[in-house]
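# Topology and contacts: notes
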Amino acid sequence: PSGSEPATKIVINLERLQQLPADKVGPLARYAAAIQSQRGDYNGKVLSIRAEDLRSLAIIYDMSPGELTDQLIDWGVLPPEARPGQHVG
Ligand code: C2E
Ligand code: C2E
Ligand code: C2E
């Protein structure tokens, strides 16, 4: 399959996530909130999640993990550096 590769290091920008409309980011926002709750990690500006969680979220969004990576970068939820092979700066 062609297209983008999935992010390998997934660090979600929680402040950006809260600014986006719930009809777009609702499932992701709920997933992140559940992980925060399980860890007791409520005070961060960012949240590191598992690569495996990206695959679960891609199923929820009916995308490939690479497509979801691109979508999250477009939304500003992941930094552009999250795209593998991308050289920034
Ligand atoms: P668990 O999977 O049994 O992990 C138990 C503890 O192992 C975690 O407690 C954490 O201290 C440590 N741990 C496991 N994997 C990693 C890792 O990749 N990096 C780091 N730094 N530590 C790790 P914690 O954080 O209190 O999490 C409690 C439970 O919440 C976890 O039990 C798991 O069931 C769930 N959880 C936490 N974060 C995530 C996540 O990002 N994704 C998913 N799917 N579940 C998570
Ligand atoms: P880093 O991974 O580049 O993370 C930089 C900062 O982003 C962290 O500073 C923390 O303020 C924030 N951050 C990243 N992920 C999370 C998250 O899931 N929850 C919250 N609340 N904040 C997050 P901090 O804590 O001073 O850590 C500095 C560096 O220490 C990290 O840089 C990393 O290299 C290392 N580190 C900290 N915790 C862990 C860990 O659980 N596992 C590993 N492997 N490294 C860790
Ligand atoms: P990290 O702590 O730097 O861990 C990097 C990778 O090492 C993880 O990538 C995973 O492949 C492996 N790893 C670390 N600790 C464990 C462990 O206890 N059990 C297993 N089976 N593998 C482990 P992964 O899964 O993609 O996670 C990426 C980052 O997400 C972690 O970076 C950590 O910052 C965060 N994270 C993941 N799960 C948890 C968790 O349960 N609790 C907390 N506090 N952070 C987590």
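Residues numbered from 1 in each chain as written. Chains lettered and ligands numbered in written order. Predicted model: local features only at pLDDT ≥ 70, side-chain atom pairs only at ≥ 80, totals over all residues. Heavy atoms only, no water.

## Things to note about the overall build of the protein chain
For the protein chain, the helix and strand inventory stands at four helices and two strands. Ordered by position in the sequence, the α and β elements of the protein chain form the string β-α-α-β-α-α. Computed over the C-alpha atoms, the radius of gyration of the protein chain is 12 Å, within 12% of the 12 Å expected from 2.2 N^0.38 for a compact globule of 89 residues. Referenced to the eigenvectors of the C-alpha coordinate spread, the extents of the protein chain come out at roughly 35 × 30 × 25 Å. For the protein chain, long-range pairs separated by at least 24 residues make up 61% of all intrachain contacts whose partners lie at least 6 apart in sequence. Taking the 9 positively charged and 11 negatively charged side chains of the protein chain as two groups, their mean positions are separated by 5 Å. (Helix = DSSP H or I, 4+ residues; strand = E, 2+ residues; numbered from the N terminus. Rg over C-alpha atoms; globule rule 2.2 N^0.38 Å. Contact = heavy atoms within 4.5 Å. Lys, Arg positive; Asp, Glu negative; His and termini not counted. Charge placed at Lys NZ, Arg CZ, Asp CG, Glu CD.)

## Focus on the site of ligand 2
In the vicinity of ligand 2, the contacting residues are Lys9, Arg39, Asp41, Gly44, Val46, Leu47 and Ser48. One of the side-chain N or O atoms of Arg39 is found 3.2 Å from an oxygen atom in ligand 2. Considered on its own, ligand 2 offers 780 Å² of accessible surface; in the complex 26% of this is hidden by protein. No other element matches strand E2 (residues 46-49), which puts three residues into the shell around ligand 2. (Near = heavy atom within 4 Å. Polar contact = N/O pair within 3.5 Å; in protein donor to acceptor, adjacent residues only side chain to side chain. Areas by Shrake-Rupley, 256 points an atom, 1.4 Å probe, with all protein chains shown as cover.)

## With respect to the site of ligand 1
All residues in the neighbourhood of ligand 1 are listed as Ile35, Gln38, Arg39, Ile49, Arg50 and Asp53. In the model, a nitrogen atom of ligand 1 is placed 2.6 Å from a nitrogen or oxygen of the Asp53 side chain. A total of 780 Å² of accessible area belongs to ligand 1 in isolation, and the protein chains cover 38% of it. Per-element accounting of the shell around ligand 1 gives the leading share, three residues, to helix H2 (residues 22-39). Here the residues of the shell around ligand 1 are counted per class, giving two nonpolar, one polar and three charged. (Nonpolar A, V, L, I, M, F, W, Y, C, P; charged D, E, K, R; others polar.)

## Things to note about the packing of aromatic side chains
Applying the stated rule across the entire model yields one aromatic pair. Here the aromatic rings of Tyr61 and Trp75 are separated by 6.2 Å at their centres, their planes lie at 65°, and the arrangement is edge-to-face. Highlighted residues: Tyr61 in the loop between helix H3 (51-60) and helix H4 (65-75) and Trp75 in helix H4, separated in sequence by 14 residues. For the pair formed by Tyr61 and Trp75, the shared burial category is buried. (Phe/Tyr/Trp six-rings, centres within 6.5 Å; stacked < 30°, edge-to-face > 60°. Buried < 20%, exposed > 50% of the residue type's maximum accessible area, 1.4 Å probe, protein only.)

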